[in-house]
Each structure stands twice: as structure tokens, then as C-alpha cells.
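Examination of the molecular architecture
Here is what each chain is made of, one letter per residue.
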Amino acid sequence: MSPRGLVRRPWRLAAETSALLIAVVVAFPLYWMVLSAFKPAGEVESDRPRPWTLAPSLDSFRRVFQQQEFGRYFLNSTFVALVVVVVSALVAFLAATAVTRFRFRFRTTLLIMFLVAQMVPVEALTIPLFFLMRDFGQLNTLGSLILPHLAFSLPFAIWMLRGFVKAVPEALEEAAYLDGASRARFLWQILFPLVFPGLVATSVFSFISTWNDFLFAKSFIISDTSQSTLPMALLVFFKPDENDWGGIMAASTVMTIPVLVFFVLVQRRLVSGLGGALKD
Amino acid sequence: MAQDVTLGPPAPGTTTPASTRPPRAHRRRGGLTPWLYLAPALVILAGLLVYPVYQLGLISFLEYTQAQVSGGEPATFQGLGNYTALFADEQFWQVLLATVLFAGACVVCTLAVGCSLAVLLTRVRALPRLVLMLAGLGAWATPAITGSTVWMFLFDPDFGPVNRVLGLGDFSWTYGRYSAFALVLLEVVWCSFPFVMVTVYAGIRAVPGEVLEAAALDGASQWRTWRSVLAPMLRPILVVVTIQSVIWDFKVFTQIYVMTGGGGIAGQNLVLNVYAYQKAFASSQYSLGSAIGVVMLLILLTVTLVHLRLLRREGEEL
């Protein structure tokens, strides 16, 4: 229920007009990115940029995909993000179940630790993680990107899932046991499907933070570039003398589209997930 | 991130049926089972978060440069030496001040834009709402690095449309200290206001309509309704999005690094994160980099403790 009914008509029209105008401004950078990616070379780097193009061209995309191993970087990014999303969702689901459905010593302490863990500045840990990865021979492997991101997405995922697990009535669990279900059966066949919308909302956040990663890829993948990820492929188009803006925009578009698709797919779940989490 | 929204205790005035809150007595102790469930999470966190934090602290007390890293020389204990050196460095204090002011400005702008647009969303019909929501989700979904490149291009002195529209000629945004910070601020606000907007909007929608109707019947103005009815009910959510924004904006790395080319001309746009990275990886002063990391950790820890206190005062059951 919104206070919409209380708003008078001229005000509502004004509000709707400004909402649409703001939407245009907010979407403009993305529009400009895609547009510039499709502009032919001369037009991208024109000092009189036009908000449309008369001769859309795939040249910039061709340049991006011809770049050595761009496809490989794309697969690496996808692999790293998927592993982090799936593993952290499963591990967080178990942990969230433990802290919401059982009472045990140190439960509150653990919860506070999960909260505190979220605030640890990831970037500051690059130095010790670098040495850790080196000591375990993980430098220049995708593992050096997966492992830290798992650790960083977990505390948040546990906190967010907690609300969803809490919302499943205790009575359901008791009924399941009375019907002879084992604990494992309840966990995977009853609880898991029920909190699935929450897992989707949580996954959006771990996907984004992993897909976004620039610092770890830059710091941990130093000599074997075949193990690198998309942000590195993007940087190739920044040149000391003259940036290749067409290439940068095309690579940016390729890097952004999967996330946009993912967001649009889970959009309803995400918004209702946030709403659901708020109502607790 | 949004994790904390789960904390939002029921706003005073909203009804929480007792049944949704499981009575404590019913919960099982479960013996080892909860620990079994927790084991994978604890192993990952201990190995990749707790241990590195310990290492960070340790390195900050050692002499740790290229020689020690390559194993040529043993690491020697420096006591507070690294911190003394750091605090004696004028640049450190400049960067610290810049970080606090920059993060503060980002937080204020993000919250102002996010909250106003959340209110706007409640005033419009479904279609404009969907359009604005989708535009916001688009900005939110954009990876930090591509967001940075696109904003740089929009504001490019030679090829960007912004200077043309504003008639700025070939004004370079990244050349001056303040204009470079302003450009990064715009990008940060652009990609982080949607989280605030969606969360606060969800919070407003959760306020029962009767409460607002009652306020309207009593002749309360829009402003009065907002100040006396909505704001108190939304307070827990506002606390959460504020703290979250503080934490995010304090840690901005990619945007500064990419948009200002690693911290701006002569380091004029450095923030703590980028500064620590440059010290450690560009000049191999790992101990100094770690000491800066520890300073950041302590600042964010303080924010967290304030957050916890606020939660406790709200009576949230952990």
C-alpha cells in the first residue's frame, strides 16, 4: 500500500514526468556505452559526438574478440563468478540454518563475528593474501580469485539468508520430523526450496562483487595472463598515447551485458527479496 | 551490501504476530549438528579472512620489503616503527583527510538521491516506477570498472558529450584535484544510489497503509507525515543503508584507480585503499602498506561497533 491515493493529480503528473526524466539520466551512461561500442572508428573519436549513429559497425567488437584470449578471459570470469556464487550459497545456507534454528554456545558471538567480518576492508587484505597465495602455489591460478571472494561473500550471505531461514515456521520442521523425515531430508527437500528466493537475492550480491573484481586479478595474476579475467582485457585498450575508446566501450559492453541479463532475470526476486528481508 | 536489511527490526507500530518469532524454548540444542553445518563456513573464513587479518597486523610490525619477500633477508621486528614513519608522513594525513571527506560526500549524496527517489517511486503509477527501477538496476548492475570507463568517456575533454552540452570546451575533469574527485563521486553515487532507493522503497511499502490514511485524516501535511510517521518507522532501515554506504564508500578502490590513473596527478586523488596498494605493490613497501591497511581496519571496526550499538538499542534479537 502506498500513499499514492493521497497525492493530487497535477502533483502526480509532475512526479511521473520527473521520474521518467531521471530514469533517462540514470540510463544514459549505459546507452552511451552501447552506442559508442557500435559507432565506427572515426565517429567514436569525434569532437562533435552525436547521440545516435548513422553507420553502426561491429569493428570495435571485432577488435575486442580478436584480442588474444579475450574469449578465454570471459570464460575465466564466468567460471570464477559461478563457482563463488554456487559454493557460497550452499555454505551460507548451511551456516544460516545453524545460527537460526539451533541454540548453542557462542551463537551470538559467531553472529557478531559474521557482522564484523563484513566490514573488513578486502583491499587491505590484498597484501597478506598475496603471500598466502604465493605460499600455497596459488598465484596465477583462478583459485587465487575464487578463494578470497568466497571468504568475502560468505559473511554477508549468511546475514542475508538468516532472515529467510527465520521466516520458515518452526512448526513445519516439527511436522516434518513427526512424519519421519530425517534432518538431512528436511534441510534439502523442505528448507532449501523454501529459502531459494533468498538464495537468489544473495547470489546477486556475490556474483556482482566477484565479477567486479579488479584488484585481485591485478595483484594475483601476474605472470600467467591466460588465467586473467575480463577487467584486465579491458585495460589493454588504455594506451599511453591514445586510448582506443571504441575498444574500451565494446569490451565494457561485453562485460556488462551478462550482469544486466542476470539482474533483469532475478529483478523481481531481488526487489521482493529485499522487501521480504525487511519485513523479516 | 544489502545483507543488513535482514536486521531491520519490525518498525514500531507495525504489527508482528508473535507466531512469526519462534519461541526460544522450542529451538533444539542439536549437539554437534549446528557445528557440522557451520564447519565449511568457519574453515573458509578462518583461512581466508581471520588468518590474513592476523598476517596484516603482523607485517605492519615487521620490516618487509622486496629483500624479505624474496627470502634474501629475514624479516625483522620493527615495533611501532612503521606506524611512526607513517604518521610522520605528511602525505598520509592528507590522504586520510581526503578519504574521510570524499567518502562522507559520497555517503551524503547517495543517501539524499536514494531516499528522494524512493519517495518519488511511491508517488507514481506502475509504468514510470518500473522504468525508473530498471534504470536504477542497470546502474547498480554495472561493474565498477566498466562504470568507471564509461563515466570517463562521458566526461572526456575531446570526445565526451558532457563538455559539449555544458559548453566546457576541452576542460579536463581528471586534471584538477577537485574536479577529478567530483567526477569519481558522480560515478560512485550513480552506481550506489539504486541500492538505497530499492531498500528504502521496500521499507516504505512495508508501512501499513492505514497508518498513512490516519495521518491524512488527521490533516497532516506531506512533510509532517514524512517527518512524524514515516521517518521514525524507517529509522532502522535508514541506519542500515547509512552504515552500509559508509563502509562501501570508504573502501572505493576501482573507481579511483581507473578514473584517475592510479591516484591522480602527483597522487592528488589518493584515498587510503589506493595509497596502501601503491605503497605495497608499486614501491614494495609491504609493511607500510599493511600499516595503512590496519588503520583502515580500525576505522571500519569503529563504524561497525557503532552499528552494533545502534542495533542493540533497537532491541534487535541476534
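Residues numbered from 1 in each chain as written. Chains lettered and ligands numbered in written order. Predicted model: local features only at pLDDT ≥ 70, side-chain atom pairs only at ≥ 80, totals over all residues. Heavy atoms only, no water.

Concerning unusual backbone geometry
To keep things clear, this is the line we draw: Secondary structure elements are taken from DSSP: a helix is a run of H or I of four residues or more, a strand is a run of E of two residues or more, and numbering for both begins at the N terminus.
Of note, Phe106(A) is a non-glycine position whose phi angle comes to about 70°, a positive value. Note that Phe106(A) resides in the loop between helix 4 (70-101) and helix 5 (107-119). Despite not being glycine, Ser284(B) has its phi angle at roughly 55°, a positive value. Following the sequence through the fold, Ser284(B) ends up in the loop between helix 12 (272-282) and helix 13 (286-313).

A closer look at helix 6 (residues 126-135) of chain A
Rules: Burial classes follow relative accessibility: with a 1.4 Å probe on protein chains only, a residue under 20% of its type's maximum area counts as buried, one over 50% as exposed, and anything between as partly exposed. In this description, contact between two residues means that some pair of their heavy atoms is separated by no more than 4.5 Å.
Of all 10 residues in helix 6 of chain A, eight are buried; the element is thus mostly enclosed. Listed as buried for helix 6 of chain A are Thr126(A), Ile127(A), Pro128(A), Leu129(A), Phe130(A), Phe131(A), Leu132(A) and Met133(A). Buried residues belonging to helix 6 of chain A abut helix 7 (143-166) and helix 11 (215-220) of chain A together with helix 1 (33-59), helix 2 (66-69), helix 12 and helix 13 of chain B. Downstream of helix 6 of chain A by one or two residues, Gly137(A) has phi in the positive range, about 65°.

Topic: a nonpolar patch on the surface
All names here are of chain A. We apply this condition: Residues enter patches when their relative accessible area tops 30% and they take part in no salt bridge; the joining distance is 9 Å for like charges and 5 Å for the nonpolar side chains Val, Leu, Ile, Met, Phe, Trp and Tyr. The protein chains shown are the only cover counted for residues, whose accessible areas, like all others here, come from Shrake-Rupley with a 1.4 Å probe. Basic side-chain nitrogens of Lys or Arg form a salt bridge, by our definition, when they fall within 4 Å of a carboxyl oxygen of Asp or Glu.
A cluster of nonpolar side chains, namely Val86, Val87, Leu90 and Trp188, defines an oily patch on the protein surface of about 310 Å² accessible area. Considering each element in turn, the nonpolar patch owes the most residues, three residues, to helix 4. With respect to the helices and strands, the residue Val86 is situated in helix 4.

Re the nonpolar core
The condition that has to hold: To qualify as a nonpolar core, a set must consist of buried Ala, Val, Leu, Ile, Met, Phe, Trp, Tyr and Cys residues joined through side-chain atoms within 4.5 Å.
Among the nonpolar cores identified, the biggest contains 201 residues, and Leu129(A), Phe263(A), Phe102(B) and Val200(B) are the most heavily contacted of them. Considering every element that reaches this core, the biggest residue donor is helix 8 (residues 177-205) of chain B, with 16 residues. Filtering out sequence-adjacent residues up to four positions away, Phe263(A) remains in contact with Val204(A), Ile208(A), Leu270(A), Leu137(B), Trp140(B) and Ala141(B).

Some words on the UniProt feature "domain: ABC transmembrane type-1" (unreviewed entry) in chain A
The test is simple: UniProt positions are given in the numbering used here, feature names are shortened, and annotations may be inferred rather than shown by experiment.
Per the UniProt entry, the sites bearing "domain: ABC transmembrane type-1" (unreviewed entry) are residues 74-266 of chain A in this numbering. Along residues 74-266 of chain A, the helical share is 76% and the strand share 0%, with 22 Å between the first and last C-alpha atoms.

Things to note about the packing of aromatic side chains
Residue and element names in this part refer to chain B. Note the following rule: Only rings of Phe, Tyr and Trp enter the pairing, Trp through its six-membered ring, and a pair is recorded when the two centres are within 6.5 Å. The plane angle decides the type: under 30 degrees is stacked, over 60 is edge-to-face, the rest tilted.
On inspection of all chains with the given rule, the structure shows 47 aromatic pairs over all chains. Ring geometry for Phe92 against Trp93: centres 5.1 Å apart, planes inclined by 75°, an arrangement best described as edge-to-face. Overall, Phe92 belongs to the buried group, its relative accessible area being 1%. What makes Trp93 partly exposed here is its relative accessible area of 42%.

Some thoughts on the side chain of Ser226(A)
Residue and element names in this part refer to chain A. Quick reminder of the rule: Pairs of N or O atoms within 3.5 Å make up the polar contacts considered here, provided that, within protein, one atom can donate a hydrogen while the other can accept it, and that residues adjacent in sequence are counted only when both atoms are side-chain atoms.
Mapping Ser226 onto the fold places it in the loop between helix 11 and helix 12 (230-235). Engagement of the side chain of Ser226 in a polar contact is seen with the side chain of Gln227, the distance being 3.5 Å. Leave out the neighbours within four places in its chain, and Ser226 touches Glu69, Arg72, Tyr73 and Asn76.

Considering the environment of Ser206(A)
Residue and element names in this part refer to chain A. Inspection of the secondary structure assignment puts Ser206 in helix 10 (residues 196-212). With a relative accessible area of 3%, Ser206 lands in the buried category. For the pair Ser206 and Ala89, spaced 117 residues apart in the sequence, the C-alpha separation amounts to 8.8 Å.

A look at the domain arrangement of chain B
All names here are of chain B. Condition: By convention here, the domain bounds are inherited from an automatic or database domain assignment. A simple way to read buried area is as the amount of 1.4 Å-probe accessible surface that goes missing from two parts once joined, with both sides added.
With domains assigned, chain B is organised as domain 1 (52-88 + 285-318) and domain 2 (91-283). Here domain 1 and domain 2 have C-alpha centroids that lie 28 Å from each other. Contact residues are listed per partner, giving 15 residues for domain 1 and 20 residues for domain 2. Considering only the side of domain 1, the residues that lose the most area to domain 2 are Gln285, Ile292 and Met296, jointly responsible for 30% of the buried surface there. For the pair domain 1 and domain 2, the number of links is zero salt bridges.

Let's talk about the pattern of salt bridges
Tallying each qualifying case throughout the model produces seven salt bridges over all chains. The residue Glu16(A) makes a salt bridge to Arg125(B) at a minimum N-O spacing of 2.9 Å. Remark: Arg125(B) occurs in the loop between helix 4 (90-122) and helix 5 (126-141) and Glu16(A) occurs in helix 1 (residues 9-38); the pair is interchain, linking two chains. For Glu16(A), a relative accessible area of 7% corresponds to the buried category. According to the relative accessible area criterion, Arg125(B) is partly exposed, its value standing at 39%. Residues Glu173(A) and Arg101(A) are paired through a salt bridge, measuring 2.6 Å at the closest nitrogen-oxygen approach. Within this pair, whereas Glu173(A) is found in helix 8 (residues 170-178), its partner Arg101(A) is found in helix 4, the two being separated by 72 residues in sequence.

A word on the UniProt feature "domain: ABC transmembrane type-1" (unreviewed entry) in chain B
According to UniProt, the positions carrying the feature "domain: ABC transmembrane type-1" (unreviewed entry) are residues 96-307 of chain B. Between the end C-alpha atoms of residues 96-307 of chain B there is a gap of 22 Å, over a span that is 78% helix and 0% strand.

Regarding the environment of Phe193(B)
Among the secondary structure elements, Phe193(B) is positioned in helix 8. Taking the C-alpha atoms as reference points, Phe193(B) and Val113(B), separated by 80 residues in sequence, lie 6.4 Å from one another. Excluding residues that lie within four positions of it along the chain, Phe193(B) makes contacts with Val26(A), Thr110(B), Val113(B), Gly114(B) and Leu117(B).

A look at the side chain of Gln118(A)
Residue and element names in this part refer to chain A. Relative to the elements of secondary structure, Gln118 occurs in helix 5. Here Gln118 falls in the buried class, since its relative accessible area comes to 10%. Reaching out from Gln118, the side chain makes a polar contact with the backbone oxygen of Pro155 at a distance of 3.5 Å.

Points about the confidence of the model for chain B
The predicted coordinates of low-pLDDT regions are not to be read in fine detail. Residue and element names in this part refer to chain B. Under the convention used in this document: Residue-level confidence of the predictor, termed pLDDT, takes values from 0 up to 100.
Confidence in the prediction of chain B, expressed as mean pLDDT, is 86, and 90% of residues score 70 or more. Within chain B, no element has a lower average pLDDT than helix 2, which sits at 76, and none a higher one than helix 4, at 96. Across residues 1-26, where pLDDT falls below 50, the model places 59 contacts with residues more than four positions away in sequence or in other chains. Overall fold confidence (pTM) sits at 0.88, and the ipTM for the predicted complex is 0.89.

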